[in-house]
Amino acid sequence: MRLRVLFRIGGSPVLALVPRRYWLSNGRAHPKEIIPTKPVLRQERQQMPDFTELNVDGTNGNDGVTGDYRMNRHRIYFCKTSAPRPYAVQLFQNFPQHFNQKAAEVKKGAHKHHGQPTFEFSGYIDLSEINDNLPETKDASFGAHDDWVAVKHYDKSRGFTAQTLKRNYLEAGEKAARAAADTSWHKIDDAAIEKFISVNQYHFLAGRRSWVIGPACEFDHDIVPSDIDTLMVFETAAIERVSRWEYLPGAKFFDKQTKVIWATLLRNYVQNMGLQRQDHRPWAGCTQKDGVSFVYKHVGTKDEMIAASRKMCRIHRNLWPSANTS
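Let us look at the structure shown here. (Residues numbered from 1 in each chain as written. Predicted model: local features only at pLDDT ≥ 70, side-chain atom pairs only at ≥ 80, totals over all residues. Heavy atoms only, no water.)

## Focus on the overall build of the chain
Tallying secondary structure elements over the chain gives seven helices and 14 strands in all. Counting every position in the chain, which comprises 326 residues, the buried fraction comes to 47%. Partitioning the intrachain contacts of the chain with sequence separation of at least 6 by distance along the chain shows that 68% fall at a separation of at least 24. For the chain, the exposed area adds up to about 17200 Å²; of that, 52% sits on carbon and sulfur atoms. (Helix = DSSP H or I, 4+ residues; strand = E, 2+ residues; numbered from the N terminus. Buried < 20%, exposed > 50% of the residue type's maximum accessible area, 1.4 Å probe, protein only. Contact = heavy atoms within 4.5 Å. Areas by Shrake-Rupley, 256 points an atom, 1.4 Å probe, with all protein chains shown as cover.)

Now the structure itself:
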């Protein structure tokens, strides 16, 4: 007996145990003389939307979400311009221009989610940050992995909120991986390829991030009266968890990366808009670096997250879905 490929269905091999005496000269089995085994078929996708939302609490079918609830805020102050400007509109419409940097870049997605715009994030990595023996390289892409988000709420006077997503369709790298498995089925484990694709389609994080621009008095209740009419704040905040246990080993590294990425976005926006950055006293518990204040807090339970994020959600009103409907 030998396990042979009998035929393929949808590119997946159907195997059969074939006695040696029934082999044909070309190595294939005679179709009338086979002893079929259970077909090794790739699970075909049912018709489904392009994306699935990754809720931070694991609802909506995302039972892979794991680890602590991770909350963070990054804030920059700038002087209000004398003439009114649509700060939030210009942020939203030119988001890639303000965001793109050495560490990461974003582009407007070609796919929509429930009719709403999407953004596709790609990360870049300094290899020396992982291993001192590797060269300092700013242009080494993560390659096969991109992170997608969908706009859940957009307020032209304040800002917008985005929800992390899982893709439900294949991208070029994943199609290539499947093709390699199909052409070399005896060398590449088809199940392993499917596992890679499934995990790769998840955003690294489950949850939402918000970007809000407004008068400083909305963020700090102890702003002195003389600053109320002149001082503005641009802040981004998030409530997230790691979307899959496979991503947990990289969580600390990506915490470090996000501090760079979001601080750079804030500084880029102020510079690109020709605004004057304003140094200001950091709020309680935060760290300040190069004009950006930030704070990170991790908690273990949903109740702790709700309690710890209550003040933040008064500003970022659609950040936690159960606190304010999207």
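Here the narrative resumes.
## What about the environment of Ser82?
Relative to the assigned elements, Ser82 resides in the loop between strand E5 (66–79) and helix H1 (87–93). Residue Ser82 is classed as exposed on the basis of its relative accessible area of 81%.

## Re the nonpolar core
With 30 residues, the main nonpolar core has Phe95, Phe99, Phe119, Trp211, Phe234 and Tyr269 as its most contacted residues. If sequence neighbours within four positions are ignored, Phe234 has contacts with His74, Arg75, Ile76, Phe78, Leu91, Trp211, Val212, Ile213, Leu265, Leu266 and Tyr269. Core analysis: the next-biggest nonpolar cluster, separate from the first, contains 11 residues, Val56, Met71, Ile239 and Leu319 among them. (Core = buried A, V, L, I, M, F, W, Y, C linked by side-chain atoms within 4.5 Å.)

## Some details on unusual backbone geometry
Phi angles above zero are rare outside glycine, and His114 is one such case at about 50°. In this fold, His114 is placed in the loop between strand E6 (104–108) and strand E7 (118–125). Its identity is not glycine, yet Asp290 carries a phi of approximately 50°, on the positive side. The residue Asp290 is located in the loop between strand E13 (287–289) and strand E14 (292–299) in this model.

## Observations regarding the packing of aromatic side chains
Each pair of aromatic rings is reported with the distance of its centres and the angle of its planes. Taken as a whole and judged by the stated rule, the model has 23 aromatic pairs. Ring geometry for Phe51 and Trp148: centres 5.2 Å apart, planes at 40°, overall tilted. With Phe51 in strand E4 (residues 51–53) and Trp148 in strand E9 (residues 147–155), this pair connects stretches of sequence that are 97 residues apart. Here Phe51 and Trp148 have matching classes, each one buried. Where Phe95 meets Phe160, the ring centres are 5.5 Å apart and the plane angle is 90°; that geometry is what we call edge-to-face. A residue pair is termed long-range when its members are at least 10 positions apart, and Phe95 in helix H2 (residues 95–99) and Phe160 in strand E10 (residues 159–167) qualify at 65 residues. According to the relative accessible area criterion, Phe95 is buried, its value standing at 0%. Judged by relative accessible area, Phe160 falls into the buried class, the value being 2%. Directly above the ring of Tyr202 sits Arg244, whose terminal nitrogen or CZ lies 4.9 Å from the centroid. When the ring centre of Tyr296 is taken as reference, the NZ or CZ atom of Lys259 above it lies at 4.9 Å. (Phe/Tyr/Trp six-rings, centres within 6.5 Å; stacked < 30°, edge-to-face > 60°. Lys NZ or Arg CZ within 6 Å of the ring centre and 35° of its normal.)

## Observations concerning the side chain of Asn200
Inspection of the secondary structure puts Asn200 in helix H4 (residues 190–200). A distance of 3.1 Å separates a polar atom in the side chain of Asn200 from a polar atom in the side chain of His145. A distance of 2.9 Å separates polar atoms of two side chains, one belonging to Asn200 and the other to Glu174. (Polar contact = N/O pair within 3.5 Å; in protein donor to acceptor, adjacent residues only side chain to side chain.)

## Some points on the pairing of strand E11 (residues 205–215)
Counting buried positions over the 11 residues of E11 gives 10, a clear majority of the element. Relative to E11, E10 is paired through five bridges, and the arrangement is antiparallel. From the neighbouring strand, Gly159 faces E11, where its bridge partner is Val212. (Pairing = 2+ DSSP bridges.)

## Comments concerning the pattern of salt bridges
In total, this model carries 13 salt bridges according to the counting rule given. Between Lys107 and Glu120 there is a salt bridge, with its nearest N and O atoms 3.8 Å apart. Remark: Glu120 occurs in strand E7 and Lys107 occurs in strand E6; sequence separation between them is 13 residues. We classify Glu120 as buried; its relative accessible area is 9%. Among the ionic pairs, Arg167 bridges to Glu171, the shortest N-O distance being 3.8 Å. Look at Arg167 and you get buried, because its relative accessible area is 0%. (Salt bridge = Lys/Arg side-chain N within 4 Å of Asp/Glu carboxyl O.)

Keep in mind these numbers describe shape, not what the thing actually does.
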